[in-house]
Amino acid sequence: MRRVEACSCSDSQNRSAEARGGGREHDGLGRAGTRGMAIRTSSPPLLRLLLPVLLLARAAAAAGGAASEFDDGTSPKFPGCDNTLQKVKVMYWVGGDEQDSLTGISARFGAVLPDTAGEKKPAVQPDPKVGCAKSSKPIAGSVAVADRGECTFIEKAKTAEAGGATALLIVNEEDALQKMVCTDKDPPPNIKIPVVMVSKSAGDKIHSAMSSGNKVDILMYAPQKPPFDGAIPFLWMMAVGTVACASVWTFAVVGEEPKKNDAALDTEENPADAEVVELKTMTALVFIVTSSLVLLFLFFFKSTWSAWLLVFLFCVGAIQGMEYVASSLAIRVCSRCGEAKVKLPGIGNVKVLTLVTLPLAFIFAGVWVAYQNSSFGWVGQNFMGICMMILVLQVVHMPNIKVASALLIAAFLYDIFWVFISPFIFKKSVMITVARGSDDGPSLPMVLKMPKEFDTWNGYDMIGFGDILFPGLLVAFSFRFDRIHGKGVTDGYFLFLMIGYAFGLSCTYVGLYLMNSGQPALLYLVPSTLGVISLVGAIRGELSQLWNAKA
């Protein structure tokens, strides 16, 4: 493999790789879990756009809060206004047909919702539709669906209760959920019906159905988080397995031994070799700036088109990853399979193997896009993501722990700021908000995910690609370092790094469970990987060698 030093011109340059032939161009680095993908030398610089996309993959195990994840305990509590803010499942039927459930948030006041499904009630929009005055439409025995505005939440709830409504569903003015709490000056509300809010996009679905003249029924309850999440062990195994597999791929599958970075050995360039992008220390600064800008853009400009743009960019990288993995495995089984070529007009010589694997990768990606929201869509997403990450870790190299320290510590601080500190500036966690996405459009694709089989919400546990790629760069470095210096399993670093990564990821999920909120995985993974290799290297007296290595 040829080495190319990564310029620090854009946080995520691209990389290149190919299953033992046909070079791919790549420059650079990537964001927490969002880095280079492989592109052929004849490809346009489209792949350079993937950097900002994969930056999001640093989304940590963000979306998995508990049922009481909205409750921060900071708003006033007193009798009649001391409910726990709960995540509410809003089920609705249009003309008797059940629709996809919506997510809401309960109020600090009002009746507490049950934790199991009960009886559905007809939905009615009061007139006036903001629900601040007595409705000219009968709302008795129904769920009143009122728009936000013109009066307080408590006033809306009292009006709905006076009209005989069994519950009040408030549609927010923006695509977010607002905590409905009391102030110190409010008298005890003493409201006896449940009050729930949904986002604008969720409420629009109900409004649209009602305005079309359809009969709409609503059922709301607040299911509890199951005591055991069976998806996490499988997600843990996928992440750890991906890091291990990608680290040894070049040696175990491609059949190449890591070589020292000796310029004398590279005087004759083999066009069949794949370029390797070697990260530099300045990459850390570029990473912080670019990643932050992309994250802020998606935070302020969330929309359906931006979600589909992320899906498109994910597919571009995944197609290259699947082609690379399939070609590598085919050549491993049949070494001559990669030799046959055909000459195509305007393109030149192309491997026959590429003409077979690339269309198959396109078809796979197309089928996934069509069925990504199906019950089995997560399988295709995980397969595509794993192939892409294997490719990235072949073409992007961390040369030593000096670069690793700059990059991982920068990513560590990035996670801490955008998960824990950003709420003090932007009123909510920027990273977790972006990771959760919105009710409209496709979900964030730069994650591995597993369905929660025991979860009433039928949700997913997720881990961002960045939580695999960033530590994976260091783990892959340790494997190359061991091979170059003739180290075995016990006297090398690879085994220690793999154990450290597995332990750090386990701590992430323990923290997720104990704190009932999204966790920045690098908070645990950086100390358990960078800390481990630094400690073991210092004990062995090899820290200087690791710091200045070229592996």
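Here's a quick rundown of the structure.

Calculation criteria
- Residues numbered from 1 in each chain as written.
- Predicted model: local features only at pLDDT ≥ 70, side-chain atom pairs only at ≥ 80, totals over all residues.
- Heavy atoms only, no water.
- Helix = DSSP H or I, 4+ residues; strand = E, 2+ residues; numbered from the N terminus.
- Buried < 20%, exposed > 50% of the residue type's maximum accessible area, 1.4 Å probe, protein only.
- Contact = heavy atoms within 4.5 Å.
- Areas by Shrake-Rupley, 256 points an atom, 1.4 Å probe, with all protein chains shown as cover.
- Salt bridge = Lys/Arg side-chain N within 4 Å of Asp/Glu carboxyl O.
- Arc of directions from axis to C-beta.
- Phe/Tyr/Trp six-rings, centres within 6.5 Å; stacked < 30°, edge-to-face > 60°.
- Lys NZ or Arg CZ within 6 Å of the ring centre and 35° of its normal.
- Polar contact = N/O pair within 3.5 Å; in protein donor to acceptor, adjacent residues only side chain to side chain.
- Disulfide = S-S within 2.5 Å.
- Core = buried A, V, L, I, M, F, W, Y, C linked by side-chain atoms within 4.5 Å.
- Axes fitted to C-alpha atoms, helices over the stretch in contact; angles between N-to-C directions.
- Parallel < 35°, antiparallel > 145°, perpendicular 65-115°, else oblique.
- Left-handed = near helix turned anticlockwise from the far one by under 90°.
- Nonpolar A, V, L, I, M, F, W, Y, C, P; charged D, E, K, R; others polar.

Brief notes about the overall build of the chain
- Within the chain one finds 14 helices and 17 strands.
- Per-residue burial for the chain yields a buried fraction of 54% across its 551 residues.
- If you take every contact in the chain between residues at least 6 apart in sequence, the share linking residues at least 24 apart comes to 72%.
- When the accessible surface of the chain is totalled, it reaches about 23200 Å², and 61% of it is carbon and sulfur.

Some details on the environment of V367
- Here V367 is to be found in helix α7 (residues 352-371).
- Accessibility expressed as a relative area gives 44% for V367, which makes it partly exposed.

Structural notes on the pattern of salt bridges
- Under the definition given, this model contains six salt bridges.
- With its nearest N and O atoms 3.9 Å apart, the salt bridge here joins E119 to K121.
- Exposure remark for E119: the relative accessible area of 61% places this residue in the exposed category.

A closer look at helix α2 (residues 153-162)
- Listed as buried for α2 are F153, I154, K156, A157 and A160. Projected down its long axis, α2 shows its buried positions confined to an angular sector of 160°, all on one face.
- Where α2 is buried, its residues contact β8 (143-147), β9 (167-171) and β10 (195-198).
- Once α2 finishes, G164 follows within two positions and takes phi at roughly 90°, a positive value.

Section: unusual backbone geometry
- Each neighbour pair has its own omega, and for D127 with P128 the value is 10°, a cis peptide bond.
- You can see P128 is positioned in the loop between β7 (121-124) and β8.
- Phi angles above zero are rare outside glycine, and E150 is one such case at about 75°.
- One can find E150 in the loop between β8 and α2.

Some words on the packing of aromatic side chains
- Taken as a whole and assessed by the stated rule, the structure comprises 13 aromatic pairs.
- Between the aromatic rings of F251 and F479, the centroid separation amounts to 6.0 Å while the plane-to-plane angle is 55°, which identifies the pairing as tilted. Of this pair, F251 sits in helix α4 (residues 231-254) while F479 sits in helix α11 (residues 466-484), and the two are 228 residues apart along the sequence.
- Taking the relative accessible area as the measure of exposure, F479 reaches 11% and is therefore buried.
- Through successive ring pairs, a cluster of aromatic residues spans F299, F300, F417, W418 and F426.
- Between the NZ or CZ atom of R483 and the centre of the ring of F251, over which it lies, the distance is 3.9 Å.

Here's the deal with the environment of S199
- Inspection of the secondary structure puts S199 in the loop between β10 and α3 (200-211).
- Sequence-wise, S199 and E173 are 26 residues apart; in three dimensions their C-alpha atoms are separated by 7.4 Å.
- In terms of polar contacts, S199 uses its side chain to reach the side chain of S201, at 3.3 Å.

Section: the state of the cysteines
- Under the defined criterion, the tally for this structure stands at two disulfides.
- Residue C132 pairs covalently with C151 via a disulfide, S to S 2.0 Å. Taking the sign of the S-S torsion, about -90° here, the bridge from C132 to C151 comes out left-handed. Pair noted here: C132 is in the loop between β7 and β8 and C151 is in the loop between β8 and α2, with a separation of 19 residues, a long-range link.
- Note on C132: relative accessible area 25%, which makes it partly exposed.
- Using a relative accessible area of 18% as the deciding quantity, one classes C151 as buried.

Here's the deal with the nonpolar core
- Of all hydrophobic cores here, the largest spans 93 residues; its most connected members are I463, L474, F477, Y501 and I533.
- Top contributing element to this core by residue count: α4, with eleven residues.
- When near neighbours in sequence (up to four residues on either side) are disregarded, F477 contacts M398, P399, N400, I401, I533, L546, A549 and A551.
- Counting residues in hydrophobic clusters, the runner-up holds 23 residues, among them A107, F109, F153 and I193.

Some details on the side chain of S528
- Looking at the element boundaries, S528 is found in helix α13 (residues 522-540).
- Of note is the side chain of S528, whose polar atom sits 2.9 Å from the backbone oxygen of G500.
- Look past the residues within four positions of S528 in its chain and what remains in contact with it is G500, Y501 and G504.

A word on the packing of α7 against helix α8 (residues 377-395)
- Two elements in contact, α7 and α8, have axes whose closest approach is 9 Å; the angle formed by their N-to-C orientations is 140°. Our classification of the angle between α7 and α8 gives oblique. Between α7 and α8 the crossing geometry is left-handed. Between α7 and α8, the residues in contact are F364, A365, W368 and Y371 and G377, G380, Q381, F383 and M384, respectively.
- A per-class count over the contact of α7 with α8 returns six nonpolar, three polar and no charged.

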